[in-house]
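Geometric and topological summary
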Amino acid sequence: MKTLFKIALIIVAITSLASAQEGQVRLSPPEINSLASVNAGAGTSGVNGIQTRTLKGDATKRGIYTIQLTIPANVRIQAHTHPDDRVATVISGTWYIGYGSKFDDAKLKPLTAGSFYTEPPGVAHFAKTGNEPVVLQITGNGPTGTEYIDVGTASFPAKPNYESLFANVNGVRLHYLRSGSGKTPLVLIHGFGDDARMWLPLFADFGKDYTIIAPDLRGLGQSSREKTGYDKKTAAVDIHELVKSLGYKDIYLVGHDIGMMVAYAYAAQFPFEVKKLALLDAPIPGVGDVWEKIYTTPALWHFHFVNSPMALELVNGRERIFLEHVWQSFGGDLSKFREEEKRMYAQSYAQAGVMRDAFEYFKAFEPTDAADNRNFAKTKLPMPLLVIEGEKGMNGVLAIQAALISDHVKAIKFSSGHWLMEEKPAETSAALKDFFGN
């Protein structure tokens, strides 16, 4: 009997230990930053732009959960309640929070990093951020939800007009944004210095006529970090497999910067599946005599800097500085490139492994991409091609290259720099809409 009793105690101990181990979570800041985030996820106020990472549990189900929220600068959140008991810590930035059934600046208390506050169940509260983003960590006992006190208020946050989704394709976990209800798929590929969110201004204009698919390139944004595959031919196959997995074949295609290079590789490999192609302000590696001049231009020193064995070490912790160099060096009027967006992208590229992967895209220009593109260029593209450049960007050089890969080129030049979606969003949208609509 004593032996059986001892065995029972051992079984209970082992079971308890296993249960405890299942609940053990240890995450360093880089590991937290590498977790996938969703826009305005469960447990937030629902304001578009707030990024949510789940550290433990599931806020939509019964039980304890912990989430980390990144709230953009200059956000104002009206009075609302949550059904569960929640506690929160300010990780970074200054968070202004008050209690009451109506937003009141006089009741706000500034809480700096390290501050703690509570959100009791059913107690109305409101908040805002200042001129910098805020990171919060909230623990509650789900399921949670959000109910606004005055749902008719003009400043009530609208639901985002897109979904944040993932797909496992070509051996990669791709994150992508999906928006719109039109029959025609419109695929938008971002470049260096931003991610899929650069295309958000287009979603409302194009959503009625198109289904928009805007992926994060492999290794960037919320897509999986990969050791290889940063040549544009492979990256294009990633996106082709994504399109195919969603049940589409024939698409309209747009790419900017490195995304433009990927878009060309997509169109060259699947020429009869791309009905119209738009290439925005970047060179095509390997195409024409002009490529050598572009590649060796001193202003593009970062094309070569990435090959230094110390490049990543020099940029680590200084991602915003490096990106700022790129934004300013190749921009025109950057007054429309909002600080909120810059902080958002700087945080994206500061995630563990992202800058390394970004550098791999640059490293592939020579010789891999150049050789692939010279081979692609032997056969001209059959679809209509739109080129959009900035005077302080490619300034007509892309149009020269485009004439070597297509006999159906329409070229547009804006009085802007390289960052067309930030500097000339309305003009870029109008040009694309006219091109795809005719």
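Think of each chain on its own: its residues are numbered from 1, step by step along the sequence as written. Only residues with pLDDT of at least 70 are given local features in this predicted model, and only at 80 or more are side-chain atom pairs given and counted; all residues enter the totals for whole chains, interfaces and linings. Computation of side-chain values: all heavy atoms of the structure, hydrogens and water removed.

**Overview of the overall build of the chain**
Counting secondary structure elements, the chain contains 15 helices and 19 strands. Computation of the radius of gyration draws on C-alpha atoms alone. For the globule rule, the value is 2.2 Å times the number of residues to the power 0.38. Here the C-alpha radius of gyration of the chain, 24 Å, is about what a compact globule of 438 residues would show, namely 22 Å. Seen through its principal axes, the chain has C-alpha atoms that stretch 85 × 65 × 45 Å. Classification of residues uses two cut-offs on accessible area relative to the type maximum, computed with a 1.4 Å probe and protein chains only: under 20% is buried, over 50% is exposed, and between them is partly exposed. The 438 residues of the chain split such that 52% are buried. Contact between two residues is taken to exist if any of their heavy atoms lie within 4.5 Å; hydrogens are not considered. Within the chain, counting contacts between residues at least 6 apart in sequence, those at least 24 apart form 71% of the total. Every accessible area reported is derived by Shrake-Rupley at a probe size of 1.4 Å, with residue values counting cover from the shown protein chains alone. Accessible surface, the chain: about 19600 Å² in total, of which carbon and sulfur atoms supply 54%. Only four residue types enter the tally: Lys and Arg on the positive side, Asp and Glu on the negative side, with His and both chain ends excluded. Lys charges are placed at NZ, Arg charges at CZ, Asp charges at CG and Glu charges at CD. Mean positive and mean negative side-chain charge positions of the chain (45 and 46 charges, respectively) differ by 4 Å. Helix and strand labels come from DSSP, where a helix needs a run of H or I of at least four residues and a strand needs a run of E of at least two; each type is numbered from the N terminus.

**Considering the layout of surface pockets**
In this analysis the probe radius is 1.4 Å and the grid spacing 1 Å, with only protein atoms considered; a cavity is a set of points the probe fits into but cannot get out of, a pocket is an open set with protein on both sides within 12 Å along at least five of seven lines, and lining residues have an atom within 4 Å of a point. Grid points are joined across faces, edges and corners, and a volume is the space filled by probe spheres set on the points. Empty space within the largest pocket amounts to approximately 1100 Å³. Gly49, Pro72, Glu340, Arg343 and Met344 are, among the 44 residues lining the largest pocket, the residues nearest its centre. When residues of the lining of the largest pocket are traced back to their parent elements, those giving at least two are α2 (29–34), β2 (51–56), β3 (63–71), β5 (86–92), β10 (134–142), α3 (200–206), α10 (339–349) and α14 (420–423). A per-element tally of the lining of the largest pocket places α10 first, with seven residues. Its residues assigned to classes, the lining of the largest pocket comprises 21 nonpolar, 13 polar and ten charged. Computed from the structure, the second largest pocket encloses a volume of approximately 420 Å³. In terms of lining residues, the second largest pocket is bounded by 25 residues, among which Pro283, Leu300, Phe303, Phe330 and Met394 are the most central. Contributing elements (two or more residues each) for the lining of the second largest pocket: α5 (258–269), α6 (290–295) and α7 (302–305). When residues in the lining of the second largest pocket are grouped by element, the largest group, three residues, is from α6. As a working rule, the residues Ala, Val, Leu, Ile, Met, Phe, Trp, Tyr, Cys and Pro are called nonpolar, Asp, Glu, Lys and Arg charged, and the rest polar, with Gly in that last group.

**Notes on the environment of Asp209**
In this structure, Asp209 sits in the loop between α3 and β15 (210–215). Placed 204 residues apart in sequence, Asp209 and Lys413 show a C-alpha to C-alpha distance of 26 Å. Look past the residues within four positions of Asp209 in its chain and what remains in contact with it is Gly182, Lys183 and Thr184.

**As for the packing of aromatic side chains**
Only rings of Phe, Tyr and Trp enter the pairing, Trp through its six-membered ring, and a pair is recorded when the two centres are within 6.5 Å. The plane angle decides the type: under 30 degrees is stacked, over 60 is edge-to-face, the rest tilted. For the structure shown, the criterion picks out 26 aromatic pairs. Taking 6.2 Å as the distance between ring centres and 80 degrees as the angle between the ring planes, the aromatic pair formed by Tyr264 and Phe376 counts as edge-to-face. Taken as a pair, Tyr264 in helix α5 and Phe376 in helix α12 (residues 365–376) lie far apart in primary sequence, 112 residues in all. Here, a charge over a ring is recorded when the distance from Lys NZ or Arg CZ to the ring centre is within 6 Å and its angle to the ring normal is within 35 degrees. Over the ring of Tyr96 we find Lys128, and its NZ or CZ is 5.6 Å from the ring centre. Positioned above the aromatic ring of Phe206 is the side chain of Lys433, whose terminal nitrogen or guanidinium carbon lies 5.5 Å from the ring centre.

**Digging into empty space enclosed by the protein**
For the structure on display, the rule yields three cavities of 30 Å³ or more. In this structure, the largest cavity spans a volume of roughly 120 Å³. Lining the largest cavity are 18 residues, with Ser45, Leu69, His80, Trp95 and Glu119 sitting closest to its centre. The set of elements that each furnish at least two residues to the lining of the largest cavity consists of β3, β4 (76–81), β8 (116–119), β9 (125–129) and β10. Considering each element in turn, the lining of the largest cavity owes the most residues, three residues, to β9.

**Some details on the pairing of β8**
Regular strands place their side chains on alternate faces of the sheet. Here β8 shows a clear split, with Tyr117 and Glu119 buried on one side and none of Phe116 and Thr118 buried on the other. Pairing between β5 and β8: four bridges, direction antiparallel. Each residue of the ladder has a partner; that of Arg86, found in β8, is Glu119. In this scheme, strands are said to pair when DSSP sees at least two bridges between them.

**Notes on α10**
Of the residues making up α10, those classed as buried are Glu341, Lys342, Tyr345, Ala346, Ser348 and Tyr349. Taken down its axis, α10 places every buried residue within 160 degrees of arc, on the same side. Summarising the contacts, the buried residues of α10 are in contact with α9 (319–329), α11 (354–363) and α14. Our arc is simply the arc of the directions from the helix axis toward the C-beta atoms.

**Here's the deal with the environment of Gln401**
Relative to the elements of secondary structure, Gln401 occurs in helix α13 (residues 397–405). Not counting the four nearest positions on each side in its chain, Gln401 is found in contact with Pro283, Ile284, Val287, Val290, Trp291 and Ile294.

**Section: the sheet that holds strand β16 (residues 251–256)**
Read from one edge of the open sheet, eight strands run β12-β13-β15-β14-β16-β17-β18-β19, paired in mixed fashion. Two strands close off the open sheet at either side, each with one partner strand: β12 (163–169) and β19 (409–414). Here the strands of the sheet are splayed against their neighbours by 20 degrees on average, with no regard to which way each runs. In this sheet, strand β18 (residues 385–390) lies alongside strand β17 (residues 274–280) in parallel orientation, the contact comprising four bridges. For Leu279, the partnering residue across the bridge sits in β18 and is Val387. For helices, the axis comes from a line fit to the C-alpha atoms of the stretch in contact; other axes are also lines fit to C-alpha atoms, and the angle between any two N-to-C directions lies between 0 and 180 degrees. Where α13 meets the sheet, its contacts fall on β17, β18 and β19, and the angle it forms with β18 comes to roughly 160 degrees.

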